[in-house]
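Structural features, examined
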Amino acid sequence: MSNTLHFWLQTPLREMNTTQWEQLCDGCGLCCLNKLEDEDTGDIYLTRVACNLLDKCSAQCSDYENRLSLAPDCIQITPELAETAEWLPNTCAYKQLAHGEPLLPWHPLISGREESPYEANRSISGKVIHESELGEREHEEFIITEEELTSSICYGN
Ligand code: SF4
Ligand code: SF4
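Looking up the protein in an unreviewed UniProt entry gives the name UPF0260 protein YcgN, with the organism given as hydrothermal vent metagenome.

Attention now moves to the overall build of the protein. Regarding its fold elements, the protein presents eight helices and five strands. Beginning at the N terminus, the succession of helices and strands in the protein can be written as α-α-β-β-β-β-α-α-α-α-α-β-α. What you see for the protein is a C-alpha radius of gyration of 16 Å, in line with the 15 Å of a compact globule of 157 residues. Along the three orthogonal principal directions, the C-alpha set of the protein runs to about 55 × 35 × 30 Å. Across the protein, the fraction of contacts at a sequence separation of at least 24, relative to all contacts at a separation of at least 6, is 60%.

With glycine set apart, most residues show a phi of negative sign, and most peptide bonds adopt trans. Positive phi, close to 65 degrees, is recorded for A59, a residue that is not glycine. Relative to the elements of secondary structure, A59 occurs in the loop between strand 3 (54-55) and strand 4 (60-61). Of note in the backbone geometry, N121 takes a positive phi value of approximately 65 degrees without being a glycine. Tracing the chain through its elements places N121 in the loop between helix 7 (116-119) and strand 5 (129-130).

Take the site of ligand 2 next. If you check the shell around ligand 2, you find C32, C51, L53, L54, C61, R67, A71 and C74 and nothing else. Taken together, the residues that form the shell around ligand 2 break down as seven nonpolar, no polar and one charged.

As judged from the four bridges shared by strand 1 (residues 33-37) and strand 2 (residues 44-50), these two strands associate in the antiparallel manner. Residue K35 lies in a different strand from strand 2, and its bridge partner there is L46. Between the end of strand 1 and the start of strand 2, which pair antiparallel, lie six residues, with G42 showing a positive phi angle near 80 degrees. Note that strand 2 and strand 5 share two bridges and pair parallel. Its bridge partner being in strand 5, A50 is matched across the sheet by H130.

Here is a general trend for soluble globular proteins: nonpolar side chains tend to be buried in one another's company. Ranked by internal contacts, the top residues of the largest apolar core, which has 24 residues, are L30, C32, L33, A50, L54, Y94 and I124. When contributions to this core are tallied by element, the ones reaching two or more residues are strand 2 and helix 5 (93-98). Excluding residues that lie within four positions of it along the chain, A50 makes contacts with C32, L33, K56, V128, I129 and H130.

Basis of the calculations
- Residues numbered from 1 in each chain as written.
- Chains lettered and ligands numbered in written order.
- Predicted model: local features only at pLDDT ≥ 70, side-chain atom pairs only at ≥ 80, totals over all residues.
- Helix = DSSP H or I, 4+ residues; strand = E, 2+ residues; numbered from the N terminus.
- Rg over C-alpha atoms; globule rule 2.2 N^0.38 Å.
- Contact = placed C-beta atoms within 7 Å.
- Near = placed C-beta within 6 Å.
- Nonpolar A, V, L, I, M, F, W, Y, C, P; charged D, E, K, R; others polar.
- Pairing = 2+ DSSP bridges.
- Core = buried A, V, L, I, M, F, W, Y, C linked by C-beta atoms within 7 Å.
- Buried ≥ 20, exposed ≤ 12 C-beta atoms within 10 Å, placed from the backbone.

Next comes the structure, spelled out in structure tokens:
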């Protein structure tokens, strides 16, 4: 592949067009998981409780176009957020680039294959429950680290 096609190496996040910006998302789904914040320490804990709009099998948003109106807690990733948001996973492509890191080998733009995040076990596909499935249970019961989540094959409800 010619280096001229590697737009992410040549174009700062703030100057990317919409197509380039969207191509950066590897579809891992990690940003669609609920987080808990310790009010005393500010520490953020990841849970494997996902936004109800997330397709649990594909780990993709089921209505990406209308997500911001359908899911009030959904946050549009921006270059500013990529630089500053502690809650974004460290492996998020936007965060990687915002901090001067290269895209990871399993990123589809590197591998040339959309399936590679799933094959590298980086996707949350099959590992999460929906908020609507919590019932009487608390988010705390579903706290998990990014490493645990991405090193597991599957979790039940
Ligand atoms: S964490 Fe980053 S790369 Fe993964 S789905 Fe969210 S925006 Fe895309
Ligand atoms: S609305 Fe879609 S993109 Fe936003 S958090 Fe939910 S599943 Fe993710």
